[in-house]
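So you can see what is in the structure, the chains are spelled out below.
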Amino acid sequence: MRSIQALCVCLVFLSMVAVRAGAAGPLELLVDELMAATLDEWRAPGAVIAVVEDYELRLVKGYGVADVATGKPVDPYDTLFHVASVGKPVTAMALLQLYERGEIDLHADVNDALRRFQVELPAGEMLTAHHLLTHSGGLDIRRIGRVARSPAELAPLGDYLAARLPPVIRPPGALSVYSNHGYALVGFLVEEVSGLPFADYMEQQVFAPLGMQSSSYDLRPELEARLATGYGWAGVQGPPEPLVYQRTVPSSLLRTTAADMGRWMQAILDNGELDGYQVLRPETARLMLSRQFANHPLIRGRSYGLSQGFRFDPPVYLHSGGTAGFSSALVLQPETGFGVFLSFNSRAFAWDLIGGLLGRLEGRLAPYEAPAGSTVEVDSRRFAGWYRGADVPLTSVERLGSLFDQVRVKAAGPGAISWDDRHYQAIDPLAFAAKDGSSVVAFGEEEGEIRHFLRRGGAYERQSWLRSLPVQGVTWALFLVTFAVTIVLALRRRRRPYSFTLRAAALASTAYLFFVATMGYVMSRELGGEGSLAFGPTPLLWFS
């Protein structure tokens, strides 16, 4: 057994299948070098990659093993990977097909198209497909119960969303905050409008026409049998991860191959056309490769299905995906017809690898530079404070895990702020550029008050002094000290009656200790990704 595992580790560094025979070209040699370093760093058992250059599929290749125990090599045409959220832009493509056929209005209320249930909205507000596609629908975050342990536990998509769709907690269109349930609702709109189950629609209208014969949101046995075995952060040195099945199917459950994703990239980069089939009209395909929403005009935003990245101008568009045992990424650059898809059957970060490949675009695209602004006189003190991530649950017990998810913005002199050990200078009344020109951060204002701290891919909500991290920390310390003092006094007064004050202190401290233990439990499970709470509430939560 040990000899087999040793062989598997060696195979990690060997490519198994290439898109063509013959001597490797410069692109393949570069990928081999970058992939060997990435697999070694993250101890990943295997990986696949597809690269499109100048609108043509130039490379499809597999590395390492699909299963450590058997030593089965990765085949980029046959081995399926669970790409999780990389399926979101594929889902977006389906809804855009219905839009261009005139079957849904992207800017009309989604409740007009929903028959199974209605989304409850604040008075006077409207939730649209445009909001959902740009993560600006205002939905709360919900993680508990989003994952199933087996396909048998998966309810029909409409039933799940009718029971578990998070409430709308912000005005739709006000702020872009990443939402798995928002994209699950996109997929359910495809069901409601087309009259077909979501997975069937994807098979008939997207996968089959594009020749993506090994892609599915449905859990067909013949495809599941070809799914790579996933591993955790320990990679080849750890045990396999159990399969998980996200109930937010359209946003999270795509299984596919590198070859299939290579064809999908070709189609979306080449104005929605592949091998004579127009999966989207050119003007519709461009909606997926152009900015459709941003939290501030001077920061990079989102297209339909993808996020804008830095480094180049015009920008790249990207999406990543992570789930138990798998990590994936997708990067597209429309002006040069460049695309990269890669996936690992372990938890790994591959942005260094992607950065190395994006180096091939240097000289063809201008480097990103922060927007130049004239000197702006602002009082940087009005931006200073503590901000909590907006992508945390607010209306359920899950909020216990976000009490300390805060960042601090400091005033750093006239017209300057600092954040994350970097200094930014004002270029706009509400925007600041890094001094090296590499990025921009901004702020959201409501009724003359600063409410949000904004950056590419992230939004944070300002906290009052009472909810700020220092006050939360002091509160914890006081209760813990009270608990400790109560214990000491109780031990010293074992044979004497307890005073009312001592009893009250003991009761308060014990209650708070239970609160601390509960929150720690929630945090540990949530920080563990798809831990036990992701599958549903546990008995301890009913008391929290």
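Residues numbered from 1 in each chain as written. Predicted model: local features only at pLDDT ≥ 70, side-chain atom pairs only at ≥ 80, totals over all residues. Heavy atoms only, no water.

### Structural notes on the nonpolar core
Moving on, step 1. Counting residues in each nonpolar core, the largest one holds 81 residues, and the members touching the most others are Leu185, Trp264 and Ile268.
Moving on, step 2. Among all residues touching Leu185, those that are not within four sequence positions of it are Leu114, Phe117, Val119, Leu127, Leu132, Leu161 and Leu165.
Moving on, step 3. Val331, Leu342, Leu358 and Leu365 belong to the second-largest nonpolar core, a separate cluster that totals 29 residues. (Core = buried A, V, L, I, M, F, W, Y, C linked by side-chain atoms within 4.5 Å. Buried < 20%, exposed > 50% of the residue type's maximum accessible area, 1.4 Å probe, protein only. Contact = heavy atoms within 4.5 Å.)

### Digging into the environment of Arg220
Moving on, step 1. With respect to the secondary-structure elements, Arg220 resides in the loop between helix H7 (198-207) and helix H8 (221-224).
Moving on, step 2. Given a relative accessible area of 23%, Arg220 falls into the partly exposed group.
Moving on, step 3. If near-sequence neighbours (up to four positions away) are discounted, Arg220 is found in contact with Glu203 and Gln213.
Moving on, step 4. Here Glu222 takes part through its side chain, which lies 2.9 Å from a polar atom of the side chain of Arg220. (Helix = DSSP H or I, 4+ residues; strand = E, 2+ residues; numbered from the N terminus. Polar contact = N/O pair within 3.5 Å; in protein donor to acceptor, adjacent residues only side chain to side chain.)

### Remarks on helix H12 (residues 351-358)
Moving on, step 1. Among all positions of H12, only Leu353, Ile354, Leu357 and Leu358 are buried. Take H12 and look down its axis: the buried residues cluster within an arc of 140 degrees, on one side only.
Moving on, step 2. Buried residues along H12 sit against helix H2 (26-42), strand S2 (46-53), strand S12 (312-313), strand S14 (326-333) and strand S15 (338-344). (Arc of directions from axis to C-beta.)

### Topic: empty space enclosed by the protein
Moving on, step 1. Evaluated as defined, the whole model comprises 1 cavity of 30 Å³ or more.
Moving on, step 2. As for the largest cavity, its lining consists of 14 residues, and the residues nearest its centre are Asn295, Arg300, Gly301, Arg302 and Gly457.
Moving on, step 3. Residues of the lining of the largest cavity, tallied by class, amount to 3 nonpolar, 7 polar and 4 charged. (1 Å grid on protein atoms, 1.4 Å probe; cavity = no way out; pocket = protein on both sides within 12 Å on 5 of 7 lines; lining within 4 Å. Points joined across faces, edges and corners; volume = space filled by probe spheres on them. Nonpolar A, V, L, I, M, F, W, Y, C, P; charged D, E, K, R; others polar.)

### Points about the pairing of strand S19 (residues 416-419)
Moving on, step 1. Neither face of S19 is open: one carries Ala416 and Ser418, the other Ile417 and Trp419, and all of them are buried.
Moving on, step 2. Inspection of the sheet shows strand S18 (residues 406-411) paired to S19 by 2 bridges, in the antiparallel sense. Bridge pairing in S19 places Ala411 opposite Ile417.
Moving on, step 3. Two strands pair when backbone bridges link them, and S19 and strand S20 (residues 422-428) are joined in this way by 4 bridges, in the antiparallel orientation. Bridge pairing in S20 places Ile417 opposite Tyr424.
Moving on, step 4. The turn linking S19 back onto S20 is made up of 2 residues, and Asp420 within it adopts a positive phi angle of 55 degrees. (Pairing = 2+ DSSP bridges.)

### Description of the pattern of salt bridges
Pairing is possible between side chains that carry opposite charge, provided their charged atoms lie close to one another.
Moving on, step 1. All chains considered together, the criterion is met by 18 salt bridges.
Moving on, step 2. In this structure, the salt-bridge partner of Arg255 is Glu224, at a minimum N-O distance of 3.3 Å. With Arg255 in strand S8 (residues 254-256) and Glu224 in helix H8, this pair connects stretches of sequence that are 31 residues apart.
Moving on, step 3. In this structure, Arg422 engages Asp436 in a salt bridge whose closest nitrogen and oxygen atoms are separated by 3.3 Å. Residue Arg422 is located in strand S20, and its partner Asp436 is located in the loop between strand S21 (431-434) and strand S22 (440-446); the two are separated by 14 residues in the primary sequence.
Moving on, step 4. Taking relative accessible area as the criterion, Asp436 reaches 57% and is therefore assigned exposed.
Moving on, step 5. Residues joined in a network through salt bridges with shared partners are Glu28, Asp32 and Lys61. (Salt bridge = Lys/Arg side-chain N within 4 Å of Asp/Glu carboxyl O.)

### Considerations on the pairing of S2
Moving on, step 1. The element S2 is extensively covered by neighbouring structure, given that 8 of its 8 residues are classed as buried.
Moving on, step 2. Side chains of S2 alternate between two faces, with Gly46, Val48, Ala50 and Val52 and Ala47, Ile49, Val51 and Glu53 buried alike.
Moving on, step 3. Between S2 and strand S3 (residues 56-67), which pair antiparallel in sequence order, lie 2 residues; one of them, Asp54, sits at a positive phi of approximately 50 degrees.
Moving on, step 4. Pairing geometry for S2 and S15, over 6 bridges, is antiparallel. Considered in S15, the bridge of Val52 is made with Gly339.

### Here's the deal with the packing of helix H3 (residues 87-100) against helix H6 (residues 180-194)
Moving on, step 1. Across the interface, H3 lies against H6 with an axial gap of 10 Å and an inter-helix angle of 35 degrees. Here H3 and H6 pass one another in a crossing that is left-handed. Along the contact surface, H3 presents Lys88, Thr91, Ala92, Ala94, Leu95 and Leu98, while H6 presents Asn180, Tyr183, Val186, Gly187, Leu189, Val190, Val193 and Ser194.
Moving on, step 2. Broken down by class, the residue content of the contact of H3 with H6 amounts to 9 nonpolar, 4 polar and 1 charged. (Axes fitted to C-alpha atoms, helices over the stretch in contact; angles between N-to-C directions. Left-handed = near helix turned anticlockwise from the far one by under 90°.)

### Focus on the layout of surface pockets
Moving on, step 1. Roughly 340 Å³ of internal volume is contained in the second largest pocket.
Moving on, step 2. Along the walls of the second largest pocket sit 20 residues, with Ala155, Pro156, Leu157, Glu191 and Val249 positioned nearest its centre.
Moving on, step 3. Of all elements in the fold, only helix H5 (157-164), H6, H7 and helix H9 (249-252) reach the threshold of two or more residues within the lining of the second largest pocket.

### Here's the deal with H3
Moving on, step 1. Under the 1.5 Å per step criterion, the end-to-end length of H3 is 21 Å for 14 residues, consistent within 8% with the ideal 20 Å.
Moving on, step 2. Counting buried residues in H3 gives 13 out of 14 residues, a clear majority hidden from the surface.
Moving on, step 3. Positive backbone phi, approximately 80 degrees, marks Gly102, located one or two places after H3. (Expected span 1.5 Å × (residues − 1).)

### What to know about the side chain of His82
Moving on, step 1. Secondary-structure assignment places His82 in strand S5 (residues 81-84).
Moving on, step 2. A polar atom in the side chain of His82 sits 3.4 Å from the side chain of Gln246.
Moving on, step 3. One polar contact links the side chain of His82 to the main-chain carbonyl oxygen of Ser252, over a distance of 2.8 Å.
Moving on, step 4. When residues no more than four places from it in sequence are discounted, the contact partners of His82 are Leu227, Val244, Gln246, Ser252, Leu253, Leu254, Arg255, Thr323, Phe326 and Ser328.

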